[in-house]
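Structure assessment
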Amino acid sequence: MKIDFTPSRRSTVGAEWELALVDRRTGELSSVAEQVLEAVRPDGEEDHPKIKQELLLNTIEVISGICDTIAEVKADLNESLDVVHSVLDPLGVELFSAGSHPFSTWYQQKVTDKERYAKLIDRTQWWGRQMLIYGVHVHVGLDHRDKALPILDALLRYAPHLQALSASSPYWGAEDTGYASNRALMFQQLPTAGLPFQFRKWTELESYVDDMFTTGVIDHFSEIRWDIRPAPHFGTIEMRVCDGLPTLEEVGAISALTQCLVDDFSARLDDGEILPTLPPWHVQENKWRAARYGVDAIVILDAAGNERLVTDDTYDLLDRLEPVARRLGCADELRSVETILSYGPSYLRQRAVAKQYNGSLRAVVASLIAEMRDGKIARP
């Protein structure tokens, strides 16, 4: 099977942000996505170009256009948020984004009435119905197909950093799971989700996809739901590691870090460098450590087994990427990664709110709603 890759302008960027719809009074999830999507649909159009449906009726997704800077991504997403809020306010419904809802239960949620979603649930059954999770996806443009797989492999070295920074799903069904990102381990239960295979040649990817079609595992390339994947139609590498992010500030920070990493790797490939990679078993262990311990994870750095606290490695990474960020025009957004480290990723902020309010998870949801409205990480 031949998979055509449509090259993009190098390091253009876009983001997809999954948002939960919640009742303002109770904090429970609210299955009103169809009503919202109908209200925002422009006259004469099938749907809104940047506000989309998702698997569950308690979820919508806002997507940016193809942007040159992270500031453009944030402005684009914020415009869609304003449109959505104008519809939600009269309904008594709010938005939040986190890797999971702290206390709403999966079995009470309604699935969107579309053939592709029905097929997914029919095949995956209990695990598919469990997917009460939310994420952020960041696309970065590649100017050549042959960069896609080397950059994917190199990004796996930093997947635990992105996962730790974005971790926002400590609660599941009103219980503290003990994990920073329970979503990371839930999502990989789907047949084609989880960590990608580390192919060395594009023809190996084509052979894999051909096998998936032949054996009936997938009907479309998009059904490969890896944590990081090439998106051939868009000409991008797509970072899908991250939990849902509560604030536009954090979406900007994570998008900037992703854009800078990809651009740096792209430049190094142009210079003839062979990008460093990790063995698959180290990649797998790093994912578990970041999901379990978040910013307290000690990650494996190289094939020799050298290790380091993920926060220390992140600070050094930010220093190294600063010239890249200045060139891309996202220095301010990249510095927002330090804000996440200073005030804690969402999983820590959620637990702090629960502790402050005697274990109240409704207070946690209220704090997530407030952060979404404000657009910034809550500063105690």
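To start, this report covers the structure provided alongside it.

Procedures and definitions
Residues numbered from 1 in each chain as written. Predicted model: local features only at pLDDT ≥ 70, side-chain atom pairs only at ≥ 80, totals over all residues. Heavy atoms only, no water. Axes fitted to C-alpha atoms, helices over the stretch in contact; angles between N-to-C directions. Helix = DSSP H or I, 4+ residues; strand = E, 2+ residues; numbered from the N terminus. Parallel < 35°, antiparallel > 145°, perpendicular 65-115°, else oblique. Left-handed = near helix turned anticlockwise from the far one by under 90°. Contact = heavy atoms within 4.5 Å. Buried < 20%, exposed > 50% of the residue type's maximum accessible area, 1.4 Å probe, protein only. Pairing = 2+ DSSP bridges.

What follows deals with the packing of helix H8 (residues 248-270) against helix H11 (residues 331-343). Direction vectors running N to C along H8 and H11 enclose 120°, while the axes themselves pass 7 Å from each other. Taken together, the axes of H8 and H11 are oblique relative to one another. Considering how the two elements wind past one another, H8 and H11 form a crossing that is left-handed. Here Glu249, Glu250, Gly252, Ala253, Ala256, Leu257 and Cys260 of H8 lie close against H11, whose contacting residues are Glu333, Leu334, Ser336, Val337, Thr339 and Ile340.

With that settled, the discussion passes to the pairing of strand S10 (residues 228-231). Where burial is concerned, the two faces of S10 agree: the one with Ile228 and Pro230 and the one with Arg229 and Ala231 are both buried. For S10 and strand S11 (residues 236-239), the ladder comprises four bridges, and the chain directions are antiparallel. Among the inter-strand pairings, Ala231 is bridged to a residue of S11, identified as Thr236. Here S10 hands over to S11 after four residues, with Gly235 in that stretch at a positive phi of 70°.

Counting buried residues in helix H4 (residues 148-155) gives seven out of eight residues, a clear majority hidden from the surface. Buried within H4 we find Ala148, Leu149, Ile151, Leu152, Asp153, Ala154 and Leu155. Contact partners of the buried residues in H4: helix H5 (159-166), helix H7 (202-214), S10, S11 and H8.

Attention now goes to the pairing of strand S4 (residues 93-96). The two faces of S4 match: Val93 and Leu95 on one face and Glu94 and Phe96 on the other face are all buried. Summarising the sheet, strand S1 (residues 13-23) and S4 pair through four bridges and their orientation is antiparallel. Within S4, the position partnered with Ala20 by the bridge is Phe96.

This part is about the environment of Gln109. Tracing the chain through its elements places Gln109 in the loop between S4 and helix H3 (115-129). The buried category is assigned to Gln109, whose relative accessible area is 7%. For the pair Gln109 and Ser222, spaced 113 residues apart in sequence, the C-alpha separation works out to 24 Å. Apart from residues no more than four positions distant in its own chain, Gln109 is found in contact with Leu29, Ser31, Leu56, Asn58, Ser104, Arg129 and Leu132.

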